[in-house]
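Coordinate analysis (summary)
Chain residues, written in single-letter form:
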Amino acid sequence: QEKLTVMTYNIHHGEGIDTVFDLDRIGDLIKDNDVDLAGFQEVDKGIKRSKNIDTPKRIGEYTEMYSAFEKNAEIMGGDYGNAILSKYKILKTANHHFTMPNGGEQRGLLQTLISVAGDTILFMNTHLNHIGTDDERMLNLSEIEEVLKNYKGLPFILVGDFNANPDNKMHQAMSENFIDIWKYLNADKEGYTFPSDKPDRRIDYIYISKEGLKRFKPISIKVLKSEASDHLPLIAEFEITTE
């Protein structure tokens, strides 16, 4: 049975909780856990604090994966945004900038079309505003749902740092059309991903569409231990079911 391993990780531009900048240990997490698809948030490209490195390209080369990056903001003379790494070829990439009524750093929704086991799937990665209100989150959710209309009928996986606990109004609303894999498999456990040294909240998520559930059966989900960022990586394993 073919498997699909998915990761979401806010990589804090490659700087660990120990203040060490090291992209290879992020790559090692991918290699050691045989990750097929990864969504990274807080990704630098050509920024001095991360040695002017093209982070997605560098980690992609290190792990022998395809990479996609879209900037949401220009900071310190370089680009800052979300990235996706994939063992499978990335067919198409798009980005949506969210409406930000509360101000703060521009956030986005990175979308990729990827061919997996003969099927095209939509793999999306996002990072929502940490100073966002319930109203802003609900607005961003409506924008995600609007973007999904461009991909009618395609199974999708959505990962990211949502900067909100599971009881937040937005996550409650999402439960109608999106499956929270942690809740689906591990409702009795905490799943805390932040901060990485003493995690006390669950703000990083892996979601799948209800249609996607027919194609990708969730079999496990876990939080990995690592000092490579101020967040912990979340990783889910799916069994690919053939119809």
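The paragraphs below set out a description of the structure included in this document.

Cut-offs used in this document
Residues numbered from 1 in each chain as written. Predicted model: local features only at pLDDT ≥ 70, side-chain atom pairs only at ≥ 80, totals over all residues. Heavy atoms only, no water. Helix = DSSP H or I, 4+ residues; strand = E, 2+ residues; numbered from the N terminus. Buried < 20%, exposed > 50% of the residue type's maximum accessible area, 1.4 Å probe, protein only. Contact = heavy atoms within 4.5 Å. Lys, Arg positive; Asp, Glu negative; His and termini not counted. Charge placed at Lys NZ, Arg CZ, Asp CG, Glu CD. Salt bridge = Lys/Arg side-chain N within 4 Å of Asp/Glu carboxyl O.

Okay, the overall build of the protein chain next. Looking only at helices and strands, one finds six helices and 12 strands in the protein chain. Viewed in the frame of its principal axes, the protein chain has a C-alpha envelope of about 50 × 40 × 35 Å. The buried share among the 243 residues of the protein chain stands at 55%. Within the protein chain, contacts between residues separated by at least 24 positions form 69% of all contacts whose residues are at least 6 apart in sequence. Charge separation in the protein chain, taken as the distance between the mean sites of 29 positive and 40 negative side-chain charges, equals 2 Å.

Looking now at unusual backbone geometry. With omega at -15°, the peptide bond leading from Phe 194 into Pro 195 counts as cis. Its location among the elements puts Pro 195 in the loop between helix 5 (181–186) and strand 10 (204–209). If you check the backbone angles, Asn 52 has positive phi at about 60° while not being a glycine. As for its placement among the helices and strands, Asn 52 is situated in the loop between strand 2 (37–45) and helix 2 (55–63). A positive phi angle, near 60°, is found at Glu 64, a position not held by glycine. The residue Glu 64 is located in the loop between helix 2 and strand 3 (66–75) in this model. A residue is classified by how much of its surface remains accessible, and Glu 64, at 74% relative accessible area, is exposed.

Moving on, we come to the environment of Glu 2. Within the secondary structure layout, Glu 2 lies in the segment before strand 1 (3–10). Look past the residues within four positions of Glu 2 in its chain and what remains in contact with it is Tyr 88, Ala 117, Phe 238, Glu 239 and Ile 240.

Let's shift gears to the pattern of salt bridges. Within the structure shown, the criterion is met by 13 salt bridges. Between Asp 200 and Arg 201 there is a salt bridge, with its nearest N and O atoms 2.8 Å apart. Overall, Arg 201 belongs to the partly exposed group, its relative accessible area being 32%. Through salt bridges with shared partners, one network takes in Asp 34, Asp 36 and Lys 87.

Moving on, we come to helix 1 (residues 24–32). All of the buried residues along helix 1 are Arg 25, Ile 26, Gly 27, Leu 29 and Ile 30. Looking at the buried residues of helix 1, the elements they touch are strand 1, strand 2, helix 2 and strand 4 (78–86).

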